[in-house]
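# Secondary and tertiary structure notes
Listed below are the residues making up each chain.
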Amino acid sequence: MKLLRNFFVIAGVFFTICVLIAFTTWPYWGYHWLGTSKAELSWQPEFIVLLGGGGMPSQSNLMRSWYVSQACKSFPEAKVIVSMPGNAADSTSTPRKMKEELVLRGVNASSIILESEGTNTRSQALNCAGLVNYKTPILLVTSPEHMRRAVLCFRKAGFEKVNAVPAFENAAEADFTFKDDELGGNKLLVPDVGNSMNVRYQVWNHLKYEILIVREMLALSYYKLRGWI
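Residues numbered from 1 in each chain as written. Predicted model: local features only at pLDDT ≥ 70, side-chain atom pairs only at ≥ 80, totals over all residues. Heavy atoms only, no water.

Turning to the sheet that holds strand β3 (residues 112–115), a few remarks are in order. Strand order in this open sheet of 5 strands is β3-β2-β1-β4-β5, and the pairing throughout is parallel. Single-partner strands in this sheet number two, and they are β3 and β5 (162–166). Neighbour-to-neighbour, the strand axes of the sheet open up by a mean angle of 25 degrees, direction not taken into account. Taken together, the 4 bridges between strand β2 (residues 79–83) and β3 define a ladder with parallel strand orientation. Across the sheet, Ile-81 pairs through a bridge with Ile-113, a residue of β3. Seen against the sheet, helix α3 (residues 59–74) touches β1 (47–51), β2, β4 (138–142) and β5 and runs at an angle of roughly 175 degrees to β1. Where helix α4 (residues 94–104) meets the sheet, it contacts β1, β2 and β3, and its direction lies at approximately 160 degrees from that of β3. (Pairing = 2+ DSSP bridges. Helix = DSSP H or I, 4+ residues; strand = E, 2+ residues; numbered from the N terminus. Axes fitted to C-alpha atoms, helices over the stretch in contact; angles between N-to-C directions. Contact = heavy atoms within 4.5 Å.)

Now for the packing of helix α2 (residues 26–36) against helix α7 (residues 197–226). A pair of packed helices can be characterised by two numbers: the angle between their axes and the separation between those axes. Close contact between α2 and α7 brings their axes to 9 Å; oriented N to C, the two are set at 45 degrees. Relative to α7, the element α2 is oriented oblique. In this structure, the crossing between α2 and α7 has a hand that is left-handed. Across the interface between the two elements, Pro-27, Tyr-28, Gly-30, Tyr-31, Trp-33 and Leu-34 of α2 pack against His-206, Tyr-209, Glu-210, Leu-212, Ile-213, Glu-216, Met-217 and Leu-220 of α7. (Parallel < 35°, antiparallel > 145°, perpendicular 65-115°, else oblique. Left-handed = near helix turned anticlockwise from the far one by under 90°.)

Its boundaries defined by the atoms lining it, the largest pocket holds a volume of some 1,300 Å³. Breaking the lining of the largest pocket down by element, the ones donating at least two residues are α2, α3, α5 (121–129), α6 (144–156) and α7. Considering every element that reaches the lining of the largest pocket, the biggest residue donor is α7, with 13 residues. Within this model, the second largest pocket holds a volume of roughly 210 Å³. Around the second largest pocket, the lining residues are Phe-14, Phe-15, Cys-18, Ile-21, Trp-26, Pro-27, Leu-207, Glu-210, Ile-211, Ile-213 and Val-214. When residues in the lining of the second largest pocket are grouped by element, the largest group, 5 residues, is from α7. Here the residues of the lining of the second largest pocket are counted per class, giving 10 nonpolar, no polar and 1 charged. (1 Å grid on protein atoms, 1.4 Å probe; cavity = no way out; pocket = protein on both sides within 12 Å on 5 of 7 lines; lining within 4 Å. Points joined across faces, edges and corners; volume = space filled by probe spheres on them. Nonpolar A, V, L, I, M, F, W, Y, C, P; charged D, E, K, R; others polar.)

Below you can see the structure in the form of structure tokens.
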């Protein structure tokens, strides 16, 4: 019982610290650092590599597809590699659906190559190295928290010119504040939240960032120990 009690005490302290940190800007800047610390555009890419992050449709893949389509407008001569495991011969598979999404967004279907064997960042980098000369400039597109590890993996795999575009979510420009009492309903003996974007959104987003940061730091540590980055 003492061991269990100590566990809950430690868990409670840890949770309290996480909540307190969520009221600061640290989680945002940690998330921003993962996305931008290795992101650069130093060479005109000949290949744009979309690193898959989920099923279709999913928030991660749809956002990455949007960024890839924008990159293709800036670099119309570049070919696109969709690196996502799945059965490339199956029209209902995730890599095929990702290709369809890119085509819907204006990417030329003939310029899209499917790399459907890589099941983690390391294997995706190695498989792409088998498709592209290591001296060829490439542009990686992935989620912000994954970007640093992706760039380091591709460099470790031999690529010399690695550009990167993190698929950050853009904030809405609308004003989402409101006056609670004007919307009717029950009056509560608690402060109104309509004008507090921090309580309604920011704290919860920061808690999510904290989880992403911890997971990614553990992944970076593991990849470093394995010699993959």
